[in-house]
2 protein chains.
Amino acid sequence: MPDNHLAPLALSVTTGPITGSQKRYSAPETFPDLQVPFREIALDPSAGEDPVRVYDTSGPYTDVSVAIDLAAGLPKRRDGWFAKRGFAPAVPRDVKPEDNGFAEGRFLVAPCPAEHVVRDGEAASFVTQLEFARAGIITEEMRYVAHRENLGRSQPLHDAALRRADGEDFGASIPDFITPEFVRAEIAAGRAIIPANINHPELEPVIIGRNFLVKVNANIGNSAVTSSVADEVEKLVWATRWGADTVMDLSTGRNIHNIRGWIIRNAAVPIGTVPLYQALEKVDGEPERLSWAVFRDTLIEQAEQGVDYFTIHAGVRLHHVPLTAKRVTGIVSRGGSIMARWCLAHHRESFLYEHFAEICDIMRRYDVSFSLGDGLRPGSIADANDAAQFAELETLGELTKIAWAKGCQVMIEGPGHVPMHKIKVNVEKQLRECGEAPFYTLGPLTTDIGAGYDHITSAIGAAMIGWFGTAMLCYVTPKEHLGLPNRDDVKTGVITYRIAAHAADLAKGHPAAQIRDHAVSRARFQFRWQDQFNLSLDPDTARAFHDETLPKEAHKTAHFCSMCGPKFCSMRISQDLQAEAERLAGLDQKSEEFRDRGGSLYLTESQSV
Amino acid sequence: MPDNHLAPLALSVTTGPITGSQKRYSAPETFPDLQVPFREIALDPSAGEDPVRVYDTSGPYTDVSVAIDLAAGLPKRRDGWFAKRGFAPAVPRDVKPEDNGFAEGRFLVAPCPAEHVVRDGEAASFVTQLEFARAGIITEEMRYVAHRENLGRSQPLHDAALRRADGEDFGASIPDFITPEFVRAEIAAGRAIIPANINHPELEPVIIGRNFLVKVNANIGNSAVTSSVADEVEKLVWATRWGADTVMDLSTGRNIHNIRGWIIRNAAVPIGTVPLYQALEKVDGEPERLSWAVFRDTLIEQAEQGVDYFTIHAGVRLHHVPLTAKRVTGIVSRGGSIMARWCLAHHRESFLYEHFAEICDIMRRYDVSFSLGDGLRPGSIADANDAAQFAELETLGELTKIAWAKGCQVMIEGPGHVPMHKIKVNVEKQLRECGEAPFYTLGPLTTDIGAGYDHITSAIGAAMIGWFGTAMLCYVTPKEHLGLPNRDDVKTGVITYRIAAHAADLAKGHPAAQIRDHAVSRARFQFRWQDQFNLSLDPDTARAFHDETLPKEAHKTAHFCSMCGPKFCSMRISQDLQAEAERLAGLDQKSEEFRDRGGSLYLTESQSV
């Protein structure tokens, strides 16, 4: 075994463009330095189709011009943005043995050697995006996300009018074109957040709010039972390659501090954590021994490293715990169960709740966003929307207002396991209780009987809850309830949730969401197989499935596939039909005539059947 | 290559019980001969849990006491039911060379040698279940499905009152307990069908209607490019093993007649076909050469073999075709495109529409149910809910009334590709136009960009449309748009659609639907891993996923899995918490007290934060 895990790590990270596409950068006209990444899918030039530009979360890893060096970390693109913000370089907290679970010698993962100057915003007038927004200041982060949400367009789509008529947004207010001022106003209102720790300069900012594209989070992280730092950094790169907008590092066990260092220094997406997990490791996994001092120290440790959002389970209060006593599945949130145990053991109020204002003060200094945890989310259909869940949600509403008053950005976590007919009320109640702070849900799973397929049981709920107004969907992998997801599971989970998020965007009537669907459909109808593959969320799998039965290159332009074969291909017949009709130059005209004559043109005597 | 394909066929069919369960039969008290199959999942006896009985579509293949002989076919359980119905033995139509696409010698699949006496109901007073129902007669089929829908219960569940308050059925009328009389009344009203050809005595009857459990269809069938008879019979057995309620044989190419014979004689589920496919084969794949004579002959050929429902694309009328001219994906239904081509080529009304009354007369003679095809369903998000689709649906409404007047059972096929916000209106319009005839939809897919994952893009739409009132969901496999599904794809498609159907049953508030979810959840919370696996839709995959990281038998009772590891298992902590709380014997009481005192019991000074 090597002294540290650097060698396998450096070997295993996935780089290079996604099949059929290239990394491109684009900037608003007036801010040419603000290079926003996109992915451009080139289509068959003979078909007269423009390339399709899609949102890109993959970071520099898919840019062939960037040499990836995990030990050096990613380029620090935000460093220049901070020049005028008055952040002081801080004397960083010393790394303590317990930060890595007392791992030593060959068991200690080496720290990421990338340069990292720790900043502290305590003395600055404005630190958080919320503070800037309220002051009427548009930050670079806000301009960046505006351009990103517009997919690089410099003006609204011409068919915006058509778009507005098509979609049901349940009270969201999605504009045809995202201006930086709109971004600022949404953040100022608390309806959107840009999780962007001032100690994470490598970040490509992303906005989370119901008036923006629906986002997807992927959870990674080792557990005490399995996985390694090499696996986790590759999972980060892999998850973002396939479309994760944010990644949560839920590592437990030893080496948490150093693994997180490798992850953040190499992450272009916001990184979220649950600081309680590491705090619990520091007290040997005994919830009773947790204290505000240990927790506070962990917050500072992680904030200095650059974590962009913290899940804080401050909504689990002592008096909520009895409400879970008759549940079928009790408390299924790790953080929730830890805090419930602490509360009962000490028979006192949660220290997270009691010290919430101080937590806000710490998170404000670094602009770490809150993800207020739903520690009492239901773990089964039986427990959905029960008194415990909704009591906690009301508490999260209280806490949101406190965090906002302290200048902190906030989103709210949601369930869980919820049957379809109980999903909508979750969004309605969350918007009401929490003043429209962005909702961030785990699924929800719409049935409990699909173990091994819970990416699917939950994608159903995720698509619906995204449509209703959830801003970010936390993925669920096929391994949910069964084990720690591996690399393949991560990909399946991310692609599944990109489907759910995109289905939600379409249903909400998000401008431009249909562009990619229409491009796929035209490619499909015109038998441009390569274009169909490349426009799909997972070009490699689409191609592999096709090639299982028709592997030859000639089949990539064939006017059929193995599903129906050549004679029964409806697309071929229908395409021939359209061509024939155009030759006769009569179809459209006849259609018009038919309507003009009240539908009688083509009717024959047979209509009397 | 062998002279025929019998040998590999006999070898490859899957038999034996599904892991952790046994085949059981149950009968209504007053009809002990009516043995209705169920699957009983045994749970850990030490947990004090009764076995869970679930609906079973797998036929005799999972019954260890039945010796499967594909050449002999399945037991003909309905033969005895026909004794008093006055059906005449018919002189069967001769099999013609074109029925098998002129396959000869070693290319000809041998016919299934199972005994098959062809019946013709033309002279009988009542043939179809609709005719019996209208006459006030409760058939064996009706009693059978009532017992089946009740999962063998002899009385309503005790918690039925609770159930009624929980669920949104959008105007369906799902009773707490299904009586044979309720089944009869639903069939008489046209709101439900039992597809049950009098020439398919091997059938285990199943009811399709919005006031019953949501059903799932799996498509199988070879194409000219790939697959064989052995593969197709195994796909039938495999699809029903995992939960397909009906199976459509969509074979094209040669040997269609003989492959179908093997399938029907070995099918315990209703078999559907699209007779137009075989008719097209008989005219060398040239739609222009189709004629009423060829089609009529094919209907009789397939009805005599025992096909239970026919997709008939009689709704595609000449004057609808121009409405598709400006579509992004034209006509994507094979049957729809064939008929559109025929109409345009001859510039005359569809022969299916013109001869619809005669089609009814033929189908009534054998009680073949109509599945009125949606030949103009949208093939892309862009084309959803357009004029062509809805014009055809209105025509299907007309045809439904004609078929009902002729005594035929009818269901209506639906889309296709539909974004979430346009799904509900499809159900509403279908119910209105077609007098509440059961709706049978393909997905719908909620986005076009998920090639390779279209079981998921469509499961989202399927769960929703099932909730809104669709009676049967046609599965979509991961190979959709890319190639012919193989055995693995069939299983993935079926399991995915069982999830969608069950999620819909839960949301509709179907009595007893929650029983299985609750049992899984209890098993999960109590770390009964084997029970959790066995209660899941796919026990083998659930177990395999778990065992990837924790393979030892001891881990099957461990109070954690590799996802969180022992220290972070919320279920363990929460379970410990409940145990502790019970010891203190105060939790429930405190919870009550808390509510009595207006929520102030546990509040401390910290509430002023």
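Residues numbered from 1 in each chain as written. Chains lettered and ligands numbered in written order. Predicted model: local features only at pLDDT ≥ 70, side-chain atom pairs only at ≥ 80, totals over all residues. Heavy atoms only, no water.

**Q** What's the story with the overall build of chain A in this structure? I'm lost.
**A** Each helix and strand in chain A was counted, giving 21 helices and 15 strands. In chain A, 75% of the contacts between residues at least 6 apart in sequence involve partners at least 24 apart. Surface exposure of chain A reaches about 19,200 Å², of which carbon and sulfur atoms provide 53%. (Helix = DSSP H or I, 4+ residues; strand = E, 2+ residues; numbered from the N terminus. Contact = heavy atoms within 4.5 Å. Areas by Shrake-Rupley, 256 points an atom, 1.4 Å probe, with all protein chains shown as cover.)

**Q** Help me understand the interface of chain B and chain A in this model?
**A** One widely used convention gives an interface's size as the accessible area the parts lose upon coming together. Listed as interface residues are 135 residues of chain B and, on the opposing side, 134 residues of chain A. Carbon and sulfur atoms make up 68% of the area that chain B and chain A hide from each other, which totals about 11,600 Å². At the boundary of chain B with chain A, the tally comes to 4 salt bridges. A salt bridge links A:Glu548 to B:Lys479; the shortest N-O distance between them is 2.7 Å. Viewed at the interface, chain A and chain B are joined by 22 residue pairs in polar contact (both at pLDDT 80 or more). Residue contributions to the side of chain B that touches chain A peak at 10 residues, all from helix α16 (residues 487–508) of chain B. (Buried area = accessible area lost by both parts, 1.4 Å probe. Salt bridge = Lys/Arg side-chain N within 4 Å of Asp/Glu carboxyl O. Polar contact = N/O pair within 3.5 Å; in protein donor to acceptor, adjacent residues only side chain to side chain.)

**Q** Just checking my understanding: could you explain the sheet that holds strand β3 (residues 52–55) of chain B for this structure?
**A** Two orientations exist for strands paired in a sheet by backbone hydrogen bonds: parallel and antiparallel. Residues and elements named next belong to chain B. Across the sheet, 3 strands lie side by side as β1-β2-β3; this open sheet has antiparallel pairing. Each edge of the open sheet is held by one strand with a lone partner, namely β1 (21–26) and β3. Each neighbouring strand pair of the sheet contributes to a mean axis angle of 40°, computed without reference to strand direction. Inspection of the sheet shows β1 paired to strand β2 (residues 36–41) by 6 bridges, in the antiparallel sense. By the bridge assignment for β2, Gln 22 is matched with Glu 40. Here helix α3 (residues 140–149) sits on the sheet in contact with β1, β2 and β3, set at roughly 15° to β2. (Pairing = 2+ DSSP bridges. Axes fitted to C-alpha atoms, helices over the stretch in contact; angles between N-to-C directions.)

**Q** Before we go on, may I ask you to explain the relation of the copies chain B and chain A in this structure?
**A** Both copies of the chain are tied together by a single rotation about an axis and a shift running along it. With an RMSD of 0.0 Å, the fit of chain B onto chain A corresponds to turning through 180° and sliding 0.0 Å along the axis. Both copies are brought into coincidence by an operation consistent with a two-fold rotation axis. When C-alpha positions in chain B are compared against the rotation axis, the closest is assigned to B:Ile460, at 2.3 Å. Here 99% of the contact residues of chain B are again contact residues in chain A; the copies associate through an equivalent surface. (Least-squares fit on C-alpha atoms with pLDDT ≥ 70 in both.)

**Q** Sorry if this is basic, but what is going on with the nonpolar core here?
**A** Nonpolar side chains in soluble globular proteins tend to be buried together. Counting residues in hydrophobic clusters, the biggest one holds 276 residues, and the most contacted among them are A:Phe295, A:Phe370, A:Met420, B:Phe295, B:Phe370 and B:Met420. With residues up to four places along the chain from it excluded, the contact list for B:Met420 reads A:Ala463, A:Met464, A:Trp467, A:Ala503, A:Ala504, A:Ala507, B:Thr446, B:Ile460 and B:Met464. (Core = buried A, V, L, I, M, F, W, Y, C linked by side-chain atoms within 4.5 Å. Buried < 20%, exposed > 50% of the residue type's maximum accessible area, 1.4 Å probe, protein only.)

**Q** Sorry, what's going on with the UniProt feature "domain: ThiC-associated" (unreviewed entry) in chain A here?
**A** If you check UniProt for "domain: ThiC-associated" (unreviewed entry), the listed places come out as residues 18–86 of chain A in our numbering. Secondary structure across residues 18–86 of chain A comprises 0% helix and 23% strand; the distance between its end C-alpha atoms is 39 Å. (UniProt positions renumbered as here; feature names shortened; annotations may be inferred.)

**Q** Sorry if this is basic, but what is going on with the packing of helix α13 (residues 387–405) of chain A against helix α14 (residues 424–433) of chain A here?
**A** Think of two packed helices as two axes; the pair is described by the angle between the axes and how far apart they sit. Residues and elements named next belong to chain A. Taken N-terminus to C-terminus, the directions of α13 and α14 make an angle of 30°; their axes are 9 Å apart at the nearest point. Viewed along their axes, α13 and α14 adopt a mutual orientation that is roughly parallel. The hand of the α13/α14 crossing is right-handed. Along its contact with α13, which presents Gln 389, Phe 390, Leu 393, Glu 394, Gly 397 and Lys 401, the element α14 presents Val 425, Asn 426, Lys 429, Gln 430 and Glu 433. (Parallel < 35°, antiparallel > 145°, perpendicular 65-115°, else oblique. Left-handed = near helix turned anticlockwise from the far one by under 90°.)

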